[in-house]
Amino acid sequence: MHRISIVHTVAGGTQPAFSVASKLVTDDQLPAQLSRAHEIADGADVIVVPAPLARTTPKVVVMDVDSTFIEDEVIDLLAAEAGAAKKVARVTEKAMRGELDFEESLRARVRTLKGLPEEVLDDVRAAITPTGGAAELVSLVQAGSGRVGLVSGGFTQILAPLAEQFGITDYAANTLEISGGKLTGRVEGRVVDAKFKRRFLRQLCEEAGVPVEESVAIGDGANDALMVQQAGLGIAFCPKPALAEVADATVSVRRLDAVWAAVTGRMN
């Protein structure tokens, strides 16, 4: 069995809202029913949930952080503190579109932060905004005995307290080097790139005893492509074209619980 879900954006409110229509179909029914779904969707997102996930709740959900789990790009917020906002934002956009090597672009952007006092990290932590539906998605997955992972090309100093706030213990990000109370303009150790994100998904599935074919991965940019392609269902969330082209499905409404609704056919 497969699940076909149509996720409609509901206009008119002050916050993004959505509705979902969903049904289970057999392998034989899938082509005709999918064609029919596209006919009636009227531009809404059509998501096909594959058989391993169609009749259960997801037990592993892994998400990108910047512009996915949160509304912000942390490196851009930090760059604003360093007076390099426009320059860094242009590089970030190109990297997310897949036009630049991610590690090279990250190191270049981090160099602009050299000399910032580490107290700036407190200001940025206070400024970030979780994406609508993030808390609901995490709660629903965890209530079904599932595990949520966050993996970010951003920074541990920001992600660790955010993950703790949501009760998430599985997370990984880059670490900004700090010396003498100031950022050095370097990252410590390995860089969280696309290959790292894919390994993170595989490892979390292995630890949870869940086949990777039954996992869900959610991201928005080119750096999420390998992870999204690896998962049983890879979701491009309000994405850049580079990710939309390779993902299994796109969710255009800016509510993370819309992913839960699409996968399960339920709003809660």
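Look a little higher up for the structure.
Residues numbered from 1 in each chain as written. Predicted model: local features only at pLDDT ≥ 70, side-chain atom pairs only at ≥ 80, totals over all residues. Heavy atoms only, no water.

### Concerning the overall build of the protein chain
Consideration 1: Of regular secondary structure, the protein chain possesses twelve helices and ten strands.
Consideration 2: Each principal axis of the C-alpha distribution contributes one length, and for the protein chain these read about 65 × 40 × 30 Å.
Consideration 3: Per-residue burial over the protein chain gives 50% buried out of 268 residues.
Consideration 4: Pairs at least 24 residues apart make up 63% of the contacts formed inside the protein chain by residues separated by at least 6 positions.
Consideration 5: About 11800 Å² of surface is accessible on the protein chain, with carbon and sulfur atoms providing 48% of the total.
Consideration 6: In the protein chain, which carries 28 positive and 36 negative side-chain charges, the distance between the mean positions of the two groups comes to 3 Å. (Helix = DSSP H or I, 4+ residues; strand = E, 2+ residues; numbered from the N terminus. Buried < 20%, exposed > 50% of the residue type's maximum accessible area, 1.4 Å probe, protein only. Contact = heavy atoms within 4.5 Å. Areas by Shrake-Rupley, 256 points an atom, 1.4 Å probe, with all protein chains shown as cover. Lys, Arg positive; Asp, Glu negative; His and termini not counted. Charge placed at Lys NZ, Arg CZ, Asp CG, Glu CD.)

### Focus: the sheet that holds strand β2 (residues 17-25)
Consideration 1: The strand order β2-β1-β3 describes an open sheet built from three strands, whose pairing is antiparallel. One side of each edge strand has no neighbouring strand; the edge strands of this open sheet are β2 and β3 (45-49). Between one strand axis and the next, the sheet turns by 20° as a mean value, whatever way the strands run.
Consideration 2: When strand β1 (residues 2-10) meets β3, the two strands line up antiparallel, connected through five bridges. Across the sheet, R3 pairs through a bridge with V49, a residue of β3.
Consideration 3: Strands β1, β2 and β3 of the sheet are contacted by helix α1 (residues 30-41), whose axis makes an angle of about 5° with β1.
Consideration 4: Contacting β1, β2 and β3, helix α12 (residues 257-264) runs over the sheet at an angle of about 145° to β1. (Pairing = 2+ DSSP bridges. Axes fitted to C-alpha atoms, helices over the stretch in contact; angles between N-to-C directions.)

### Some words on empty space enclosed by the protein
Consideration 1: What the rule picks out here adds up to three cavities of 30 Å³ or more.
Consideration 2: When its volume is computed, the largest cavity comes out at roughly 130 Å³.
Consideration 3: Taken together, 17 residues line the largest cavity, and the ones lying closest to its centre are D66, E73, F102, G153 and G154.
Consideration 4: Elements with a contribution of two residues or more to the lining of the largest cavity: α4 (85-96), α5 (102-111) and β5 (147-155).
Consideration 5: By residue number, the principal contributor to the lining of the largest cavity is β5, which donates four residues. (1 Å grid on protein atoms, 1.4 Å probe; cavity = no way out; pocket = protein on both sides within 12 Å on 5 of 7 lines; lining within 4 Å. Points joined across faces, edges and corners; volume = space filled by probe spheres on them.)

### Topic: a negative patch on the surface
Consideration 1: Residues E81, E118, E119 and D123 make up a contiguous surface patch of negative charge.
Consideration 2: Relative to the helices and strands, E81 is located in helix α3 (residues 74-81).
Consideration 3: The partly exposed category is assigned to E81, whose relative accessible area is 41%. (Patch = residues over 30% accessible without salt bridge, like charges linked within 9 Å, V, L, I, M, F, W, Y side chains within 5 Å. Salt bridge = Lys/Arg side-chain N within 4 Å of Asp/Glu carboxyl O.)

### Describing the pattern of salt bridges
Consideration 1: Evaluation of the coordinates by the stated rule reveals twelve salt bridges.
Consideration 2: The salt bridge partner of R254 is E71, with a shortest N-O separation of 2.6 Å. Pair noted here: R254 is in the loop between β10 (249-251) and α12 and E71 is in the loop between β4 (60-63) and α3, with a separation of 183 residues, a long-range link.
Consideration 3: According to the relative accessible area criterion, E71 is partly exposed, its value standing at 34%.
Consideration 4: With a shortest N-O distance of 3.3 Å, R147 and E207 are connected by a salt bridge. Of the two residues, R147 sits in strand β5 while E207 sits in helix α9 (residues 194-208), which places them 60 residues apart along the sequence.

### A few points about the environment of T112
Consideration 1: Its location among the elements puts T112 in the loop between α5 and α6 (120-127).
Consideration 2: Along the chain, T112 and Q15 lie 97 residues apart, while their C-alpha atoms are 34 Å from each other.
Consideration 3: Discounting chain neighbours no more than four positions away, the residues touching T112 are A82, A84 and V88.
Consideration 4: A polar atom in the side chain of T112 sits 2.6 Å from the backbone oxygen of R109. (Polar contact = N/O pair within 3.5 Å; in protein donor to acceptor, adjacent residues only side chain to side chain.)

Interpretation in functional terms is not warranted from these geometric data alone.
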